[in-house]
Amino acid sequence: MKIDKEISHPIHPYHKLKLDYTEIPFNCEGCKEAGIGPRYRCEKCEFDLHKNCAVGPDCITHPFYKKCEFELHYRPPGKVMRYCDACGSDVLGFVYHCKKCGFDLHPCCANLPQVLDDGKHNLYLSLKLSSSCHRCGRKGSGWAYRSECKNYNLHVSCVRQMLLENWQAMYFNVDQDKVREIQTRIPYLKGNVKNYRNGGKSGSKVKKYTQMAGNAVSIVGSAILGDPTALIAAAVNGFISKS
């Protein structure tokens, strides 16, 4: 699919928006959610849109909701507060909404890949978990990524929460020299992963298992923010290991 390097958009008619790529977290003026990676930006106004928000189709379908047809709205429809059925966060801006069934999806959530590859394992997007999430320990409803071996599982909502917690810690609770050094990279999230299946495993196996889950968190986090590629874990992990 051809991607235009410069576009016009109706919610920012004053200037053209140019496609660029950033590893610095930004706030999307469309869906009002955090972003990283490819975006359309007005440098004059410091106005940013996720690529998915800027050039997404007006109408989509999704394999999880085979009877639904989702239409893009620039504002949440109706008077009732709405939430994204993928990540659970409130809908504050752009949203794909099914009028028939009432489901809502953030544009980036609607475009989450069905399969993510962390370099060693495939992570599969599922509508709900049958095994415990590494973050919250719960099963059940809520979109999630799981490994084919089902040894680790992550709710999309939990990864989003980890991103927020990690950024808050990075920007408010650490030395400002470190903030300046790492602010050009997406946070590495391995330290936030909980292991609910330690059981009788040896320390080395537990460490390896937790690291695998940490890699999964980084991959899923990139996808949630609008960039379904793993840009970052090695560089940031290298910095943290030296801190």
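Quick caveat, the model's predicted, so the values are computed rather than measured.

Chemist: Help me get a handle on the sheet that holds strand 1 (residues 6-9), residues and values and all.
Modeler: Neighbouring strands of a sheet are bound in pairs by backbone hydrogen bonds; such pairs are parallel or else antiparallel. Read across the open sheet, the four strands follow the order 1-2-3-4; overall the sheet is antiparallel. With partners counted over all chains shown, the strands left at the sheet margins are strand 1 and strand 4 (47-50), one partner each. Put simply, the sheet's adjacent strands are angled 50° from each other on average, direction ignored. In this sheet, strand 2 (residues 12-27) lies alongside strand 1 in antiparallel orientation, the contact comprising three bridges. If you follow Ile7 over to strand 2, its bridge partner there is Leu17.

Chemist: With reference to specific residues and values, describe the pattern of salt bridges.
Modeler: A complete count under the given rule lists six salt bridges for this structure. Between Glu29 and Lys32 there is a salt bridge, with its nearest N and O atoms 3.9 Å apart. Note on Glu29: relative accessible area 29%, which makes it partly exposed. Owing to a relative accessible area of 36%, Lys32 belongs among the partly exposed residues under this scheme. Through salt bridges that share partners, Asp20, Arg39, Arg41, Glu43 and Asp48 make up one connected network.

Chemist: Kindly report on the state of the cysteines, identifying the contributing residues and their values.
Modeler: For the coordinates displayed, the defined rule picks out zero disulfides. Distance from the sulfur of Cys109, which forms no disulfide, to the nearest cysteine sulfur (Cys84) is 3.8 Å. Look at Cys109 and you get buried, because its relative accessible area is 0%. For the unlinked cysteine Cys133, the closest cysteine sulfur is that of Cys158, found at 3.8 Å. Residue Cys133 is classed as buried on the basis of its relative accessible area, which comes to 0%.

The rules behind the values
- Residues numbered from 1 in each chain as written.
- Predicted model: local features only at pLDDT ≥ 70, side-chain atom pairs only at ≥ 80, totals over all residues.
- Heavy atoms only, no water.
- Pairing = 2+ DSSP bridges.
- Helix = DSSP H or I, 4+ residues; strand = E, 2+ residues; numbered from the N terminus.
- Axes fitted to C-alpha atoms, helices over the stretch in contact; angles between N-to-C directions.
- Salt bridge = Lys/Arg side-chain N within 4 Å of Asp/Glu carboxyl O.
- Buried < 20%, exposed > 50% of the residue type's maximum accessible area, 1.4 Å probe, protein only.
- Disulfide = S-S within 2.5 Å.

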